[in-house]
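# An overview of the molecular structure
What follows is each chain in one-letter form.
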Amino acid sequence: MIKKQLCGLTLSAMLIFSSVPSVAAQESQTTQPLIGISGPKKRARSATVLTGNTKKLYNEILKGMKKIANGETNSTKIKLNLKQIGLSKKMTKKQLGVSSFTDKKGNVTPTTQQKMFSHLGVNFLKAFDQIYLEDPFDTYWFDYYSGNYPFDASYKYSLYAKIQGNTIRLTSHSGYMMLDLPVAKEYGSNYQISAKARARANNAINNIHRIVSENANVSDYNKLVNYRNEICDLVTYDNQAMKAGQTNHHSDPWNLISVFDGDPKTNVVCEGYSKAFAYLCDLTKWQNPAIKAYTVTGYVELSTNTSSRVAHMWNLVHMPDKRNYLVDLTNSDDVAGTNNDLLFMVGVDQPSNNAYAHTLSLNGDTMTINYDYDPQCKQVFTSSERYVGHGDYTNNEALTLITTPVYNTGVITTKPTFEKTGIRTQTAQLDGSQMTSAEPKLTLGKASLSSLVNVPKGKLMVKWAKVTNASKYQVAYKVKGGKWKYTTSSVTNKNLYRLKKKKYYSVKVRAQYGKYSGNWSAVKSITIKK
């Protein structure tokens, strides 16, 4: 069975308003202070669903967060122009549907506050939801645990309500609103990013761009495969983080920085896996721009054990065939007897946009994993965006149509056909009759390892000679006395991560094309020294 517990999702919060009076409210003219606290809940839909002032707010906050993530400033306090984000407009009691702006003590009532933001079309929660969805890197430093238990993220802003006669409007002493965004303890304190955290993030983003660059010239599907393998090679599931639960206030296991920082001690849970995969895809220039990868949230459980139900985050990938496929790297990583592909680009037993199940076979056992979206996910994704159909993705990229007709006469007049057998076919029209020609089954030569090179921090660089007709290579490695682990590469080298110092490792490689595999190379061994 799957060796690890299914992953728990981390985020929940609610919008809270409280008023803190400093000047008594008077009907002539009063400036009344307001304090707002709120935070991101779940990943939302794309920014295209945001409209009006909420979209303006989203754009301005995102600009500020990008400056923080990019190192233009270490302060996590963002300055927002009230007029620019649409918060300076006057409102009347009639427009808000209230008989009074304040209570008997002169405080602006919670109802008035809520109706002001609603009337202005400003929703901080939606704006932050969207930023969290679209920009996992730009928010790496944000403290999602700064609010109330469990996993409650808080940010703070302060505004004043200016009352003049029958009107009220939001204002500040300078015309700007300061949005204070707390920093996770791993990345700084007191609204400041630390130099150490900045260096760690820079190292991670360099590794991210390296991975994307290394895969720039491979096919779209192989990009997805290689991203999966890179992530699964770099980290493993952090069971200790889930055992500690929400009380440890430790954000690393839920952060994509922990995937790419090069530190073998940092591992992740479901959120780290899915964010990392989505972000690599976000930075990718696809040959077919229809490809999209995004994260969804909800719950997962084994059908044989309903008590196993936990909150979860996973990926959906939209492919050029106009279908969505499920990717759950969390529950695919390091499962014995697989290539990390147990739940990769798969369909479901019964198509649905609400809840679905995937049945799989592993080591002779059959099991069914149930997935269902949480209410927030259903609200922010359309039914078509959530829909997953029956049947796993079939990769036809490796099947290349032969360019020279087998027959010397006749013209190819029909659309080429592909057989899922590793045999390349084409249909030709000859003297009015249909004929199909096929190349013989591909032959793949035996691979040959070139070198094993120790690299610092428990990493091993493996190189081998190119094999004719190979579309990818499978690399197997194991520590002395252990079981073989497998990964793949579309090029003739591969970095193996998280190896133990002073341990003796064996490595072998073989060429692959479609479902065909060549013979394994001779085994080479090395002791990890660095």
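Note that the structure is predicted; figures quoted are calculated from it, not measured. (Residues numbered from 1 in each chain as written. Predicted model: local features only at pLDDT ≥ 70, side-chain atom pairs only at ≥ 80, totals over all residues. Heavy atoms only, no water.)

## Some details on the side chain of Asn207
Spelled out, the test is: Numbering of helices and strands starts at the N terminus; helices are DSSP runs of H or I of at least 4 residues and strands are runs of E of at least 2. Between N or O atoms, a polar contact is any pair within 3.5 Å; within protein, one atom must be a potential hydrogen donor and the other a potential acceptor, and residues adjacent in sequence are included only when both atoms are from side chains. The criterion used for residue contact is that any of the two residues' heavy atoms lie within 4.5 Å.
On the secondary structure map, Asn207 appears in helix 5 (residues 195–214). At 2.7 Å, the side chain of Asn207 forms a polar contact with the backbone oxygen of Phe260. Beyond its immediate sequence surroundings of up to four residues, Asn207 is in contact with Phe260, Asp261 and Gly262.

## Side note on the nonpolar core
Heads up, the condition is: Nonpolar core, defined: a set of buried Ala, Val, Leu, Ile, Met, Phe, Trp, Tyr and Cys residues in which side-chain atoms within 4.5 Å join the residues together. Note on exposure labels: buried denotes an accessible area under 20% of the residue type's maximum, exposed denotes more than 50%, and partly exposed covers the range between, all computed with a 1.4 Å probe on protein chains only.
Residues Trp141, Leu179, Ile231, Phe260, Phe277 and Met345 are the most contacted members of the largest nonpolar core, which totals 85 residues. When residues no more than four places from it in sequence are discounted, the contact partners of Ile231 are Val259, Phe260, Tyr273, Ala276, Phe277, Leu280 and Leu329. Membership of the second largest hydrophobic core comes to 22 residues, among which are Val296, Leu302, Leu326 and Ile369.

## A closer look at the sheet that holds strand 19 (residues 459–464)
For the record, the criterion: If DSSP finds at least two bridges between two strands, the strands pair. Geometry is summarised by axes, namely lines fitted to C-alpha atoms with helices restricted to the contacting stretch, and by angles between N-to-C directions that run from 0 to 180 degrees.
One open sheet accounts for 3 strands, arranged 18-19-22; its pairing is antiparallel. Edge positions in the sheet fall to strand 18 (449–455) and strand 22 (493–496), since each has one partner strand and no second. Geometrically, the sheet is characterised by an average inter-axis angle of 15 degrees between neighbouring strands, direction not taken into account.

## Remarks on the pairing of strand 11 (residues 305–318)
Note that strand 10 (residues 292–302) and strand 11 share 10 bridges and pair antiparallel. By the bridge assignment, Ala293 is partnered in strand 11 with Val317. Hairpin remark: strand 10 followed by strand 11, antiparallel, with 2 residues in the connecting loop. Bridge analysis of strand 11 against strand 12 (residues 324–327) gives 4 bridges, and the strand direction is antiparallel. What sits directly across from Val317, in strand 12, is Tyr325.

## Focus: the sheet that holds strand 15 (residues 365–373)
Ordered in space as 13-12-11-10-15-14, the 6 strands form an open sheet in which the pairing is antiparallel. Of all the strands in the sheet, the pair left with one neighbour each is strand 13 (344–346) and strand 14 (355–362). Adjacent strand axes in the sheet meet at a mean angle of 40 degrees, parallel and antiparallel pairs treated alike. Taken strand by strand, helix 6 (residues 220–234) contacts strand 11 and strand 13, and its axis lies near 130 degrees from that of strand 13. Its contacts with the sheet put helix 9 (residues 270–282) on strand 10, strand 11, strand 12 and strand 13, and the angle it makes with strand 11 is roughly 10 degrees.

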